[in-house]
Amino acid sequence: MKAYQAGIAKFTDSDSVVFGVSTDDVETNTRFAKSLHLEFALLSDATGDVSKKYGIYNAAAKISSR
């Protein structure tokens, strides 16, 4: 996430929208985003549905692969 934040201008200059997706709940994501001063949205995929659709869900650990 830090790397995306550091290079955010590359994305915003090209009219792109950046967001992160995490299997953490909304409150955890909010704290994490604030701690890193993220300028992009961090979305909660607490059920893992989005991660599963992208084939990056680690069911044993109940998290998404990065």
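Structure: see above.
Since we're looking at a predicted model, the values are computed, not measured. (Residues numbered from 1 in each chain as written. Predicted model: local features only at pLDDT ≥ 70, side-chain atom pairs only at ≥ 80, totals over all residues. Heavy atoms only, no water.)

*Asks:* Describe the overall build of the chain, with residues and values.
*Replies:* Looking only at helices and strands, one finds 4 helices and 4 strands in the chain. From first element to last, N terminus to C terminus, the chain shows the α and β order α-α-β-α-β-α-β-β. Referenced to the eigenvectors of the C-alpha coordinate spread, the extents of the chain come out at roughly 35 × 25 × 15 Å. Summarising the internal contacts of the chain: among those between residues at least 6 apart in sequence, 36% fall at separations of at least 24. Computed over 8 positive and 8 negative side-chain charges, the separation of the two mean positions in the chain equals 7 Å. (Helix = DSSP H or I, 4+ residues; strand = E, 2+ residues; numbered from the N terminus. Contact = heavy atoms within 4.5 Å. Lys, Arg positive; Asp, Glu negative; His and termini not counted. Charge placed at Lys NZ, Arg CZ, Asp CG, Glu CD.)

*Asks:* I'd like to hear about the nonpolar core, residue by residue, with values.
*Replies:* In this structure, I8, V18, A33, L38, F40 and L42 together form the largest nonpolar core, which totals 6 residues. Look past the residues within four positions of I8 in its chain and what remains in contact with it is V18, E39 and F40. (Core = buried A, V, L, I, M, F, W, Y, C linked by side-chain atoms within 4.5 Å. Buried < 20%, exposed > 50% of the residue type's maximum accessible area, 1.4 Å probe, protein only.)

*Asks:* Give me the pairing of strand β2 (residues 41-44): which residues, what numbers.
*Replies:* Pairing between strand β1 (residues 19-22) and β2: 4 bridges, direction parallel. Considered in β2, the bridge of S22 is made with S44. Regarding the hand of the β-α-β motif, the stretch spanning β1, helix α3 (residues 26-36) and β2 is right-handed. (Pairing = 2+ DSSP bridges. Right-handed = clockwise from strand over helix to strand, strands pointing away.)

*Asks:* Summarise the environment of T30; cite the residues concerned and give the values.
*Replies:* Mapped onto the secondary structure, T30 falls in helix α3. For T30, a relative accessible area of 36% gives the class partly exposed. Each C-alpha atom of the pair T30 and S65 lies 20 Å from the other, and the pair is 35 residues apart in sequence.

*Asks:* Could you give me a rundown of the side chain of T23, with the residues and numbers involved?
*Replies:* Here T23 lies in the loop between β1 and α3. Non-local contacts of T23, meaning those with residues more than four positions away in its chain, are made with D45, A46, G48, S51, Y57, K62, I63 and S64.

*Asks:* With reference to specific residues and values, describe the packing of aromatic side chains.
*Replies:* Under the criterion given, the structure shown has 0 aromatic pairs. Its end group placed over the ring of Y57, K52 keeps NZ or CZ at 5.1 Å from the ring centre. (Phe/Tyr/Trp six-rings, centres within 6.5 Å; stacked < 30°, edge-to-face > 60°. Lys NZ or Arg CZ within 6 Å of the ring centre and 35° of its normal.)

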